[in-house]
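Structural description and commentary
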Amino acid sequence: MPFELDVNMPKDLAPLAWLIGRWEGAGVIGYPGLESANFGQEVVVSHDDRPFLEWHSKMWKLDDEGNKVEPIDTEFGYWRPLANNEVEFMVTHPSGIVEMYYGTTSPAKIELRTDGVIRSPQAPEYSAGARLLGYVNSNLMWAYDIAQGGNPLQSYASAELKRVE
């Protein structure tokens, strides 16, 4: 699906404009203590004419035939572009974790690291994350590293999504 720039979008959102839309695709998840699995994902990125983007992601485990098996994660958050190609991304998880990321943008690429992590007392032990997102051949590709359960920062999940709206 071709990408068309929203002429009503605040100009501050220009470095992140390629994220806007509904994306669907699949990826792989795995981490020490977690069996590797294929997952499906839907991401919706939108704006309401204010200078931030809203992010909503849903992930579910897929069986060998590509059918949905069970939910894996849901994220809800906000992207805030800053001066000098910098960006903030605040994201919440229903497991009781809130992450604040800080990073940089360049044409069709975003690199982020956690600047802060807040956990509820019942949330899994989680201390850091790093994300890389890119617009490659009209697709949204991303990789997510985490430090959890006493493990150092390492690969957790990655996916390739196609714009469907």
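Quick caveat: nothing in here was measured; it's all calculated off a predicted structure. (Residues numbered from 1 in each chain as written. Predicted model: local features only at pLDDT ≥ 70, side-chain atom pairs only at ≥ 80, totals over all residues. Heavy atoms only, no water.)

We now examine the overall build of the chain. Each helix and strand in the chain was counted, giving zero helices and 10 strands. Over its C-alpha atoms the chain spans a radius of gyration of 16 Å, differing by no more than 12% from the 15 Å that the globule rule assigns to 165 residues. When the backbone C-alpha atoms are referred to their principal axes, the chain occupies close to 45 × 35 × 25 Å. Taking all 165 residues of the chain together, 39% fall into the buried category. Taken as a whole, the chain presents about 9,000 Å² of accessible surface, with 51% of it coming from carbon and sulfur. A gap of 2 Å separates the mean positions of the 13 positive and 24 negative side-chain charges of the chain. (Helix = DSSP H or I, 4+ residues; strand = E, 2+ residues; numbered from the N terminus. Rg over C-alpha atoms; globule rule 2.2 N^0.38 Å. Buried < 20%, exposed > 50% of the residue type's maximum accessible area, 1.4 Å probe, protein only. Areas by Shrake-Rupley, 256 points an atom, 1.4 Å probe, with all protein chains shown as cover. Lys, Arg positive; Asp, Glu negative; His and termini not counted. Charge placed at Lys NZ, Arg CZ, Asp CG, Glu CD.)

Before going further, it helps to examine the nonpolar core. The biggest cluster of nonpolar side chains holds 36 residues, and the ones touching the most others in it are Leu-19, Leu-53, Trp-79, Ile-110, Leu-112, Leu-133 and Trp-142. The residues contacting Leu-133, other than those within four sequence positions of it, are Trp-18, Leu-19, Trp-55, Trp-79, Ala-108, Lys-109, Ile-110, Leu-112, Leu-140, Met-141 and Trp-142. (Core = buried A, V, L, I, M, F, W, Y, C linked by side-chain atoms within 4.5 Å. Contact = heavy atoms within 4.5 Å.)

The next subject is the side chain of Glu-42. Along the chain, Glu-42 turns up in strand β2 (residues 34-46). One polar contact links Glu-42 to Arg-22, side chain to side chain, over a distance of 3.0 Å. Apart from residues no more than four positions distant in its own chain, Glu-42 is found in contact with Arg-22, Trp-23, Glu-24, His-56, Ser-57, Lys-58 and Trp-60. (Polar contact = N/O pair within 3.5 Å; in protein donor to acceptor, adjacent residues only side chain to side chain.)

Quick look at the pattern of salt bridges now. Summed over the entire model, instances satisfying the criterion amount to eight salt bridges. For Arg-80, the salt bridge goes to Glu-88, with nearest N and O atoms at 2.6 Å. Given a relative accessible area of 42%, Arg-80 falls into the partly exposed group. (Salt bridge = Lys/Arg side-chain N within 4 Å of Asp/Glu carboxyl O.)

A few words now on the pairing of strand β6 (residues 97-106). Bridge count between strand β5 (residues 86-93) and β6: eight bridges; the pairing is antiparallel. If you follow Met-90 over to β6, its bridge partner there is Met-100. Taking the residues that link successive antiparallel strands as the turn, the β5-β6 hairpin has three residues, and the phi of Gly-96 there is positive, at about 100°. Counting the residues between successive antiparallel strands, the hairpin from β6 to strand β7 (residues 109-119) contains two residues, one of them, Ala-108, with a positive phi of roughly 65°. (Pairing = 2+ DSSP bridges.)

Of note, Leu-140 is situated in strand β9 (residues 139-148). With 119 residues separating them in the primary sequence, Leu-140 and Gly-21 have C-alpha atoms 11 Å apart. Once residues lying within four places of it in the same chain are set aside, the contact partners of Leu-140 are Trp-18, Leu-19, Trp-23, Leu-133, Gly-134, Ala-159, Glu-160 and Leu-161.

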